[in-house]
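# A look at the structure
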Amino acid sequence: MAEQQAEDLHQEDTASTFNFDNDHVEDVGSVTIDLHSGADSTQNFSTTTTTTTDVNLETFSETMDPIITTGTAERHISIQQSLTDLKNLIGIEGVGKKTCPLCPEEKFKPNYGHKLRRHLQHLHWKVSIEFEGYRMCICHLSCRRMKTNLNGEQVPVRIGAHYHCIVCSATIARRTDMISHITRHLNKGDTEASFTGATSGQMSSTQVMKEVDTDVHVFPNHMTPQKTDSFFNPKMKPNRQLIFCTLAVLAQERKLLECLDAFGATGIMGLQWAKHLGNAVRVTINDINEGSVKIIRENCHLNRMKVLTNRKDDEEDEDDVEETEDILGTIEVTQMDANVLMHLRAFDFIHLDPFGTAINYFDAAFRNVRNLGIVSVTSTDISTLYCKALNVTMRHYGCNIVRTEYYKEVAARMIIASVARAAARCNKGIEVLFTVALEHFVLVVVRVLRGPTQADESLKKIRRLIHCQWCEERVFYKKCHMLEESAYRQLPCDCHGSMPGKTAVELGPLWAGSLFNTGFLRRMLFEAVQHGIEDIQPLLKNLICESECTTLKHYSIFGPMSHSSQEESGVVIKTLASQKSGIEDSTTVVYSGHDKRKGNDVSGNAAKRQKGDIPAEHPPFYYSIHRHSIRGMNIPKINKFLPYLTQAGFRVGRTHFDPTGIRTDATLAQLKAILMKYSVPTHTDSQPGIHGHASTEPISEPVQDSIPELLEVDQPTEEVKPESG
């Protein structure tokens, strides 16, 4: 009797939060709730709970509460703001015996008000847990009533005291486990209403986020990928802009592109493609989560996009856009595993951005990608890539790495090596277009080259690296299949001869080729200017300078390559700018969206570049000028130090991997010699380069020849004060 009264009180409390205009049935997971309209606050809720597991629920400390629905911001009756609110649930000041709202009748029999008040205070309120002004009291009701046994029958569950989570509606038995559970919510930034409305499909609890003229619906917990169907990270905006510029460049090469966003989430990336590139692309947004697919469709309608589906039973409900509105484009939304979709269909452009590593999707991505298509991979498993979980790194990528000063570039080359091996298994080669490693992701974009010859050429660029652990000098193994007596001979340093024991470690296998394609980056910058994307233009300029290994002041934004035919991947690709200007080339090959060559018949070998036409690749890896600074010396600023290396006869440039890094073809000993030459002793007003400090490290001949000339020509006329790095 007391249990029935407690349930009626809970129904009255929850029914007052609903506002219904029509009768409808709402299906939330395994709970089916029949909602009837009416003015009476004591509405009847018929709930049917089904359990889909055969494991005994008593072995788990967390399960979902069948009374709590996820469509509204309901709270369990055991969650109250004050002790007075808990007492007011049953009118404790009234006359007669009352039952406890949180205990069944067999545990606490009906009693008078003074005893019930003492019971609520000392049993339920005293051991409660506070969160955002609310108290989660201990509950003794039969909240988990039925379970499924091995025969598939519903049997009652014996349950003791437990707590109801205010955030995710989980029931947890122990108080210490509940405190740990709430602490995890606090660390993730979850709030009381974070998990409400996530599976009901209602847009009332969502907010609209706008990026590059594209609006998307997101839930309040959109920053938690494990708990939401609308994961949206504003910090990934540079990633989305780089991918958009890449697709815009590819759209100039082919007439109609088949594009795939394999992990759509909110669908914002595919919406940007279709909204700004128009009829040049045919966008497919995929996600395996049903809730994410519903949100993607809602976002398509929000941006006036027509939605196509591969399911016949949903064709009637797809055209939700009003007839008076202009449809800006068409997007196909699918719900299936990304590996299955990429095995079934062929695409010109594939973007992989899963939660964590994308290594499990490489084979399927290169299975049906068209020739000269592009595959972009975004990896967010930072702990694996940045040497924090070496066993996971070996398991996923098959590479041996250690923490170095150039660990970000090691991570990028490790991903490219895995991509190249996956492409080679499909008889395809790759050409790296660009690589970006920022704070929370590593982006790799490659062009696919069909043929076993291209695959063999790509595999030749995968080599192991020798890294000295004393001075951090590094060098790739030479292209030789014969064994050497000592691998230390390949290192430019002499640490092995002067230090006892083993001084170097072998890393890899890693990608030893170039990380950037200068022509493609120039075209990306041109498209960024054409579409008015100003946020990404400084990064693209830095990438172009890094690919050419030059400084920014020697760089022209719009060079002749921006408006003429681009020579990439062994063929000359005619761009839209070259077609408008009337530039014709007998070796120009234009690829349509169906991977058919038009124009002159040019074989793959006939269009290969000569060795003299291949641009010089940028030097691998970089040095941190602060890491190799000399004790007791004030090193010059980086922008002032770069011309010294240039005058010494070396290629030099900045890198986006490290703000204090310098990419140069000089060895570490040569770099330290020049750094010593132009550093100033601490608390000394002598001019840089004039002091009598002699370097104890050997210096190469180009450095000795060029530094005196630099001092004679660029001798400073005023006294230069010491500067700190």
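All of these numbers come straight from a predicted model, not from anything done at the bench. Positions within a chain are numbered from 1, following the residues in the order the chain's sequence is written. Side-chain atom pairs in this predicted model are given and counted only at pLDDT of 80 or more, local residue features only at pLDDT of at least 70, and totals for whole chains, interfaces and linings cover all residues. Side-chain metrics in this entry use all non-hydrogen atoms of the structure; hydrogen atoms and water are not considered.

### Quick notes on the overall build of the protein chain
Cut-off, in case you're wondering: Helix and strand assignments come from DSSP, with helices taken as H or I runs of at least 4 residues and strands as E runs of at least 2, each series counted from the N terminus. Working definition: with a 1.4 Å probe on protein chains only, accessible area under 20% of the residue-type maximum means buried, over 50% means exposed, and in between means partly exposed. We call two residues in contact whenever any of their non-hydrogen atoms come within 4.5 Å of each other. Surface accessibility follows the Shrake-Rupley procedure with a 1.4 Å probe radius. Residue values consider only the protein chains on display as shielding.
In terms of regular secondary structure, the protein chain is built from 20 helices and 33 strands. For the protein chain, the proportion of its 725 residues judged to be buried stands at 51%. Put simply, 65% of the contacts in the protein chain that link residues at least 6 apart link residues at least 24 apart. Per element, the accessible surface of the protein chain, about 35000 Å² overall, is 49% carbon and sulfur.

### Some thoughts on the packing of aromatic side chains
Heads up, the rule is: Under the pairing criterion, centres of Phe, Tyr and Trp rings, with the six-membered ring standing for Trp, must be within 6.5 Å; the plane angle then separates stacked pairs below 30 degrees from edge-to-face pairs above 60, leaving the rest tilted. A ring is considered to have a charge above it if a Lys NZ or an Arg CZ atom is located within 6 Å of its centre and within 35 degrees of its normal.
Tallied over the full model, the rule gives eight aromatic pairs. For the ring pair F263 and Y361, a centre distance of 4.9 Å and an interplane angle of 80° mean the geometry is edge-to-face. One end of the pair, F263, is in the loop between β14 (257–261) and α6 (268–277); the other, Y361, is in the loop between β18 (347–352) and α9 (362–365), with 98 residues separating them in the sequence. In this structure Y361 comes out as buried when scored by relative accessible area, which is 17%. Seen from their ring centres, F641 and Y644 are 6.5 Å apart, and the 85° between their planes marks the pair as edge-to-face. With a gap of three residues between them, F641 and Y644 both fall in helix α18 (residues 638–647), about one helical turn apart. Assessed through its relative accessible area of 0%, F641 is described here as buried. Residue class for Y644 comes out partly exposed when judged on its relative accessible area of 21%. Three or more aromatic residues joined by ring pairs make a cluster, and in this case those are Y406, F476 and F621. Taking NZ or CZ as reference, R403 lies 3.8 Å from the ring centre of Y407, over its face.

### Considering helix α7 (residues 290–302)
What counts, and what does not: An expected span of 1.5 Å times one less than the residue number is assigned to each helix. A 3.5 Å cut-off defines polar contacts: any pair of N or O atoms within that distance qualifies, except that in protein one atom must be a possible hydrogen donor and the other a possible acceptor, and neighbouring residues in sequence count only when both atoms are side-chain atoms.
Helix length check: α7 (13 residues) gives 19 Å between terminal C-alpha atoms against 18 Å at 1.5 Å per residue, within 8%. Residue N289 occupies the N-cap position of α7, its side-chain oxygen lying 3.2 Å from the main-chain nitrogen of G291. Backbone geometry just downstream of α7 places R304 in the positive-phi region, at approximately 60°.

### Considerations on the nonpolar core
The criterion, for reference: Residues belong to one nonpolar core when they are buried, are Ala, Val, Leu, Ile, Met, Phe, Trp, Tyr or Cys, and are joined through side-chain atoms within 4.5 Å.
One finds F366 and F434 to be the most contacted residues of the largest nonpolar core, which totals 109 residues. A per-element tally of this core places helix α12 (residues 407–425) first, with 12 residues. Setting aside residues up to four positions removed in sequence, F434 forms contacts with L242, T246, L443, V444, V445, L515, F516, F520, L521 and M524. Of all hydrophobic cores here, the second largest spans 23 residues; its members include C493, I662, A666 and I674.

### Let's talk about the pattern of salt bridges
Working definition: two side chains of opposite charge can pair if their charged atoms are close together. Under the convention used in this document: Only one rule defines a salt bridge in this text: a Lys or Arg side-chain nitrogen within 4 Å of an Asp or Glu carboxyl oxygen.
For the structure on display, the rule yields 20 salt bridges. Here R522 makes a salt bridge to E548, at a shortest N to O gap of 2.8 Å. One end of the pair, R522, is in helix α15 (residues 518–530); the other, E548, is in helix α16 (residues 537–548), and 26 residues separate them in sequence. Judged by relative accessible area, which is 9%, R522 ranks as buried. On the basis of relative accessible area, E548 is assigned to the partly exposed category, the value being 26%. Several salt bridges converge on common partners, so that one network encompasses E258, R282, E332 and R345.

### Considering the pairing of strand β20 (residues 428–437)
Within a regular strand, side chains alternate between the sheet's two faces. Where we set the bar: Following DSSP output, two strands are said to pair if at least two bridges run between them.
With respect to burial, β20 is a largely interior element, 10 of its 10 residues being buried. Where β20 meets strand β21 (residues 442–450), nine bridges bridge the pair, whose relative direction is antiparallel. Paired with K428 across the two strands is R450, which belongs to β21. Connecting the antiparallel pair β20 and β21 is a turn made up of four residues.

### Describing the sheet that holds strand β7 (residues 134–136)
Across the sheet, three strands lie side by side as β5-β7-β6; this open sheet has antiparallel pairing. The strands lining the two open edges of the sheet, one partner per strand, are β5 (79–80) and β6 (129–131). Both β6 and β7 contribute to a ladder of three bridges, which runs antiparallel. If you follow E130 over to β7, its bridge partner there is R135.

### Remarks on the pairing of β21
Within β21, eight of the nine residues are buried, which leaves the element mostly enclosed by the surrounding structure. Where strand β19 (residues 369–379) lies against β21, six bridges are found, and the strand directions are antiparallel. Among the inter-strand pairings, S376 is bridged to a residue of β21, identified as V445.

### Topic: the environment of N289
In this fold, N289 is placed in the loop between β15 (281–286) and α7. You can call N289 partly exposed: its relative accessible area is 29%. Between the C-alpha atom of N289 and that of M336, which follows or precedes it by 47 residues, the distance is 8.2 Å. Here G291 takes part through its backbone nitrogen, which lies 3.2 Å from a polar atom of the side chain of N289.

### Examining the sheet that holds strand β32 (residues 661–664)
For the record, the criterion: Orientation is described by axes fitted as lines to C-alpha atoms, over the contacting stretch for helices, and by angles from 0 to 180 degrees between their N-to-C directions.
The three strands are arranged β29-β32-β31 in an open sheet whose pairing can be described as antiparallel. Pairing within the sheet leaves two strands with one partner each, and these edge strands are β29 (623–624) and β31 (652–654). Contacts from α18 reach β31 and β32 within the one sheet, and its direction differs from that of β31 by about 160°.

### A closer look at the packing of helix α5 (residues 237–251) against α6
Cut-off, in case you're wondering: Orientation is classified from the angle alone, with under 35 degrees giving roughly parallel, over 145 giving roughly antiparallel, 65 to 115 giving roughly perpendicular, and any other angle giving oblique. Helix crossings are classified by the rotation of the near helix relative to the far one: an anticlockwise turn of less than a right angle makes the crossing left-handed, while a clockwise turn makes it right-handed. When residues are sorted by character, Ala, Val, Leu, Ile, Met, Phe, Trp, Tyr, Cys and Pro go into the nonpolar class, Asp, Glu, Lys and Arg into the charged class, and all the rest, Gly among them, into the polar class.
Contact pair α5 / α6: the axes reach a minimum separation of 10 Å and the direction vectors enclose 40°. Judged by the inter-axis angle, α5 sits oblique to α6. You can see that α5 and α6 cross each other, and the crossing is right-handed. The segment α5 lies against α6, with N239, R240, I243, F244, L247 and A248 engaging I268, M269, Q272, W273, H276 and L277. Its residues assigned to classes, the contact of α5 with α6 comprises eight nonpolar, three polar and one charged.

### Some thoughts on the side chain of S128
Mapping S128 onto the fold places it in the loop between α3 (113–125) and β6. For S128, a relative accessible area of 4% translates into the label buried. Residues contacting S128, with those up to four places away along its chain left out, are R135, M136, C137 and R175.

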